[in-house]
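# Structural overview for review
Listed here are the chains, written in short residue letters.
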Amino acid sequence: MPVLQSGRGAGRLSRHLAGVALALALVLAGCRAELYSNLSEVEANQMLAILMANGISAEKAVKGKGGFTLSVDERDLLKALAILNDRGYPKSARDSIGKVFQKSGIMSSPFEERVRYIYALGEEVAQTLSQLDGVVTARVHIVLPDTPQLGQPIKPSSAAVFIKHQPGVDLDYFTPQIRRLVASSIEGLQYNAVSVVLAEAAPTRPPTINAAVNPTVEVLPGLAVRDTDQGRFWQLFIAGLVLIGILAAGNGVALVFYLRMRRAKPATSQETAVAVLEPT
């Protein structure tokens with residue numbers, strides 16, 4: 001059956017051509033770079049919203065055991081890192097009191113328990129301060145002296161708060177509230193013993209491209225690209241020409257098979273008619 005064999009060959013060729021066209025389309029679409037991984041869903045959504053609000057196309061995907069990844073186009077990688085860094089993302093993971101005081105042995109010394117308690121208390125207060133609008137990062141250092149022995153003077157407790165905020169955000173107005181919050185969160189700490197340091201984060205700007213360093217080159221009449229992108233342009237241009245050629249060749253082969261099938265049908269009908277009229 002030559003007609004059936006030709007039809008099968010045409011279908012197999014069409015599938016191969018479709019696979020090649022899909023591969024070339026993926027090449028032409030460009031490569032994406034993984035920005036961050038092992039993110040929580042809430043943090044990944046927040047970072048995705050920030051990037052999209054700044055005109056950067058980003059994708060969120062699940063990777064591993066519940067971790068999320070964020071990827072952008074390679075050309076937007078530097079800009080995306082700068083924007084997220086200015087917003088304080090990704091947030092530093094903080095240990096809760098329950099995790100810090102998790103038992104790892106049978107018994108713990110009083111010194112270990114005290115160190116864990118001071119550390120966990122500072123992390124909890126810093127986590128609360130980081131919820132303020134415009135705060136990039138917050139750290140709280142607490143000093144809780146030991147209980148004095150009989151006859152020794154009592155050493156007062158103190159705390160130091162460091163807050164880095166986004167440029168243009170004025171947190172000086174909230175300084176009294178911050179001191180009051182920290183003093184109320186730590187037992188025995190006085191309002192005057194809390195010091196607050198506010199620092200404005202310097203915006204991270206991607207390096208500007210100097211036209212003198214990267215001159216443009218005219219690759220086609222009326223079309224110029226940067227000298228550093230000339231090789232990539234010709235790769236995409238050649239890939240596009242190959243794709244067009246493959247599609248044109250596929251259409252030509254399909255047309256040839258179609259014409260062969262049209263020519264074979266009348267001949268088959270005539271042979272059948274002759275066979276029926278032929279006397280026995």
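The present account deals with the structure reproduced in this document. (Residues numbered from 1 in each chain as written. Predicted model: local features only at pLDDT ≥ 70, side-chain atom pairs only at ≥ 80, totals over all residues. Heavy atoms only, no water.)

## Describing the overall build of the chain
What counts here: Numbering of helices and strands starts at the N terminus; helices are DSSP runs of H or I of at least 4 residues and strands are runs of E of at least 2. Relative accessibility under 20% of the residue-type maximum defines a buried residue, over 50% an exposed one, and the middle range a partly exposed one, all with a 1.4 Å probe and only protein chains included. Note on contacts: a residue pair is in contact if any heavy atoms of the two residues lie within 4.5 Å. In this description, accessible areas are obtained by the Shrake-Rupley approach with a 1.4 Å probe, and a residue is regarded as covered only by the protein chains that are shown.
When helices and strands are tallied, the chain shows seven helices and eight strands. Buried positions account for 25% of the 280 residues belonging to the chain. Put simply, 60% of the contacts in the chain that link residues at least 6 apart link residues at least 24 apart. For the chain, the accessible surface area stands at approximately 19500 Å², while carbon and sulfur atoms represent 59% of it.

## Here we look at the side chain of Thr69
By the secondary structure assignment, Thr69 is in strand β3 (residues 67-73). Judged by its relative accessible area of 9%, Thr69 is buried. Those residues in contact with Thr69 that lie beyond four places of it in its chain are Glu34, Tyr36, Ser37, Glu59, Lys60, Ala61 and Lys63.

## Describing the nonpolar core
So the rule is basically this: The nonpolar core is taken to be a set of buried Ala, Val, Leu, Ile, Met, Phe, Trp, Tyr and Cys residues, with the residues joined through side-chain atoms within 4.5 Å.
Residues Leu129, Val140, Ile142, Val161, Ile163, Val182 and Ile186 are the most contacted members of the largest nonpolar core, which totals 20 residues. Elements supplying a minimum of two residues to this core: α5 (110-129), β4 (135-143), β5 (158-165) and α6 (175-185). In terms of residues, this core owes the most to one element, α5, which gives five residues. Core analysis: the second largest hydrophobic core is formed by 16 residues, Ala44, Leu48, Ala58 and Phe68 among them.

## A look at the sheet that holds β3
Filter applied, for reference: Only strands that DSSP links by at least two bridges are regarded as paired with each other. Note on geometry: axes are C-alpha line fits, over the in-contact stretch for helices, and angles between N-to-C directions span 0 to 180 degrees.
Taken in spatial order, the three strands make up an open sheet running β1-β3-β2, and their pairing is antiparallel. The open sheet is flanked by β1 (32-39) and β2 (58-63), the only strands paired with a single partner. Neighbour-to-neighbour, the strand axes of the sheet open up by a mean angle of 25 degrees, direction not taken into account. Relative to β3, β1 runs antiparallel, the two being bridged by five bridges. Residue pairing in the sheet places Arg32 in a bridge with Asp73 of β3.

## Things to note about the packing of helix α2 (residues 41-53) against helix α3 (residues 77-86)
Our working definition: Angles below 35 degrees are treated as roughly parallel, those above 145 as roughly antiparallel, those between 65 and 115 as roughly perpendicular, and all remaining angles as oblique. Should the near helix be turned anticlockwise from the far one by less than a right angle, the crossing is left-handed, and should it be turned clockwise, the crossing is right-handed. Side-chain classes follow a simple rule in which Ala, Val, Leu, Ile, Met, Phe, Trp, Tyr, Cys and Pro form the nonpolar group, Asp, Glu, Lys and Arg form the charged group, and the remainder, Gly included, forms the polar group.
It is the contact of α2 with α3, at a shortest axis distance of 10 Å, that shows an interaxial angle of 120 degrees. Regarding the angle of α2 to α3, the classification is oblique. Where α2 crosses over α3, the two elements pack in a sense that is right-handed. Counting all contacts with α2, which are made through Met47, Ile50 and Leu51, the residues of α3 involved are Ala80, Ile83 and Leu84. Residue composition of the contact of α2 with α3, by class: six nonpolar, no polar and no charged.

## Considering the packing of aromatic side chains
Where two aromatic rings form a pair, the distance of their centres and the angle of their planes describe that pair. Inclusion rule: For Phe, Tyr and Trp, rings pair up if their centres lie within 6.5 Å, where Trp contributes its six-membered ring, and each pair is then called stacked (planes under 30 degrees apart), edge-to-face (over 60) or tilted (otherwise). Comment: the charge-over-ring label is applied if NZ (Lys) or CZ (Arg) is within 6 Å of the ring centre and within 35 degrees of the ring normal.
For the coordinates displayed, the defined rule picks out one aromatic pair. Ring geometry for Tyr173 and Phe174: centres 5.5 Å apart, planes at 85 degrees, overall edge-to-face. The side chain of Arg179 reaches across the aromatic face of Tyr191, ending 4.6 Å from its centre.

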